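# Results of the structural survey
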Amino acid sequence: MTTIEAPRSPSRPARRGVNLEKWGWIYMRVSGVLLVVLIFGHLFVNLLVGEGVKAIDFGFVAGKWASPFWQWYDFFLLWFALIHGANGMRTLVNDYTNPGKVQTTLKVALGAAVVVLLTLGTLVIFTFDACPAGSPAELLPSFCPAA
Amino acid sequence: MSESATGTLTAPEQPAKRSRPGGTLYRGNEGMWSWVLHRITGVAIFFFLLVHILDTALVRVSPEAYNVVIGAYQTPIMGLGEVALVGAIVFHAYNGLRIILVDFWSWATRHQRLLFYIVIALWVITMLGFTPRHLINVFSH
Ligand code: HEM
Ligand code: HEM
C-alpha cells in the first residue's frame, strides 16, 4: 500500500543550526534603524551646521575626534554602514550571478574590501594624531602646542 | 461590427494593453519602482562609502593631503553631487523604514502603497529644506 504524505510536507528535512540568512535579514533592519539616526546626525553636523562643507578641514576633524563621543559615533557609523552595505551588495551578487567562479570571486572581493576598510577606518579614528610634528601651524587645531 | 457580418476574422479592437503579463503583480507598479530605487540608491551609497573611508584616512597622512582632497568636496560641481548623494540617502532611509514597517506591522502591509507616497512626500520636504541651505554654503563664502 502506498502512503500519501500530508499536503505541504517538506521535500527535504529542515536544516538545523543557526540560520545565517535569517540573521542577515534581521541585521539589515536593525542596522537600518540605527543608521537613520547615525547618518542623519553625521550629515547634519557636517553639512548643515555653520558653513556646512566649507568648514571641513583637518582642524575640523581634529576638533571632533578630540572627543571620545565623536570617535565612538564614527566607529559605529563605520561598522554598521559598511556591513549593511556589503550585505546588501551580497544580495545583488546572488541575484545577478549564478553559483560558480565569478560569484565566489565577487563575494571574496566584497569580504576582503570590508575587512580592509573596517580595519583602516577603525585605526584612523583611534590612532588619529591631531598635532603631527612638522606640519604648518595654520593647518593645525588651536589646541596644538605648535599652533 | 460590420466586418464580422461578412464572416472575416478581425483582430480584437483593444489588443495588448489588457493582457500585459504580470500586470496584476509588482511589475510596473509602485512596489517595483520603490524596489528599483532602493537598490540603485543602496549601491550608490555603498560605492561612495568605499571612497569616503579612503579620503577620511588621509588625516593620517598629513593635514595638507586631507585638506587638498576635502577641498574637492567644496567645489560647485561636487556641491551638486552632494545634493544627489543626500537625495539618494534620504530616499533609501525613508523607504528602508517603510520596508521595515511593511514587514512587521500588518496595517503597513495593507497600506504599503500609501506609505510609498508618504515616503515621496517626506523626501520632497527634506530635500526642500536641505538643498537651498547646502547650495548657499557651496556657492558663497
Ligand atoms: C557629503 C556628505 C558627507 C560629508 C561632507 C562627510 C564628511 C565627513 C568628515 C569630515 C568625516 C571626518 C570625521 C567626522 O567629521 O566625523 C567623515 C567621516 C566618516 N563618514 Fe562622512 N561625510 C559625508 C557623508 C557620509 C555618509 C553618507 C556616510 C555613510 C554612509 C558617511 C560615513 C562616514 C564614516 C564611516 C566616517 C569615519 C571614517 C573613518 O573611520 O575613518 N559619511 N565624514
Ligand atoms: C539610512 C539608513 C538605512 C536604512 C533605514 C536602510 C534600510 C535598508 C533595508 C530595510 C534594506 C532591505 C533589506 C532586505 O530587503 O532584506 C536595505 C537594503 C540595502 N541597503 Fe540599506 N539602509 C540604510 C542605509 C544604507 C547605507 C548607508 C548603505 C550603503 C553603504 C545601504 C545599502 C544597501 C544595499 C546595497 C541594500 C540591498 C538592496 C537590495 O537588495 O535591493 N543602506 N537597506
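Residues numbered from 1 in each chain as written. Chains lettered and ligands numbered in written order. Predicted model: local features only at pLDDT ≥ 70, side-chain atom pairs only at ≥ 80, totals over all residues. Heavy atoms only, no water.

### Considering the packing of aromatic side chains
- Using the criterion set out here, one finds 18 aromatic pairs over all chains in the structure.
- Aromatic side chains Trp25(A) and Phe104(B) sit 5.6 Å apart centroid to centroid with 65° between the ring planes, which places their arrangement in the edge-to-face category. Of this pair, Trp25(A) sits in helix H1 (residues 20–48) while Phe104(B) sits in helix H4 (residues 76–104), which puts the two residues in different chains.
- Each residue in the set Tyr27(A), Trp72(A), Phe75(A), Phe76(A), Trp79(A), Phe80(A) and Phe126(A) is aromatic and connected to the rest through ring pairs, giving one cluster.
- Here the guanidinium or amino end of Arg29(A) rests over the ring plane of Trp25(A), the centre of that ring lying 3.9 Å away. (Phe/Tyr/Trp six-rings, centres within 6.5 Å; stacked < 30°, edge-to-face > 60°. Helix = DSSP H or I, 4+ residues; strand = E, 2+ residues; numbered from the N terminus. Lys NZ or Arg CZ within 6 Å of the ring centre and 35° of its normal.)

### Quick look at the site of ligand 2
- Near ligand 2 you find 23 residues, and of these Arg29(A), His84(A), His38(B), Arg39(B) and His92(B) are the closest.
- Taken together, the residues near ligand 2 originate from chains A and B.
- One of the side-chain N or O atoms of His84(A) is found 2.8 Å from a nitrogen atom in ligand 2.
- Taking His92(B), its side chain carries an N or O atom lying 2.8 Å from a nitrogen atom of ligand 2.
- Counting residues per element, the ones that place at least two in the shell around ligand 2 are H1 and helix H3 (68–96) of chain A together with helix H2 (30–57) and H4 of chain B.
- With seven residues, the single largest contributor to the shell around ligand 2 is H1(A).
- Taken together, the residues that form the shell around ligand 2 break down as 12 nonpolar, nine polar and two charged. (Near = heavy atom within 4 Å. Polar contact = N/O pair within 3.5 Å; in protein donor to acceptor, adjacent residues only side chain to side chain. Nonpolar A, V, L, I, M, F, W, Y, C, P; charged D, E, K, R; others polar.)

### Details of the interface of chain A and chain B
- On the side of chain B, 40 residues touch chain A, which itself brings 45 residues to the contact.
- Of the roughly 3500 Å² buried between chain A and chain B, counting both surfaces, carbon and sulfur atoms make up 74%.
- In this assembly, chain A and chain B are joined by two salt bridges.
- In this structure, Asp95(A) engages Arg39(B) in a salt bridge whose closest nitrogen and oxygen atoms are separated by 2.6 Å.
- At the surface where chain A touches chain B, the tally comes to 11 residue pairs in polar contact (both at pLDDT 80 or more).
- With 11 residues, H3(A) is the largest single contributor of residues to the side of chain A that touches chain B.
- Residue composition of the side of chain A that touches chain B, by class: 30 nonpolar, nine polar and six charged. (Contact = heavy atoms within 4.5 Å. Buried area = accessible area lost by both parts, 1.4 Å probe. Salt bridge = Lys/Arg side-chain N within 4 Å of Asp/Glu carboxyl O.)

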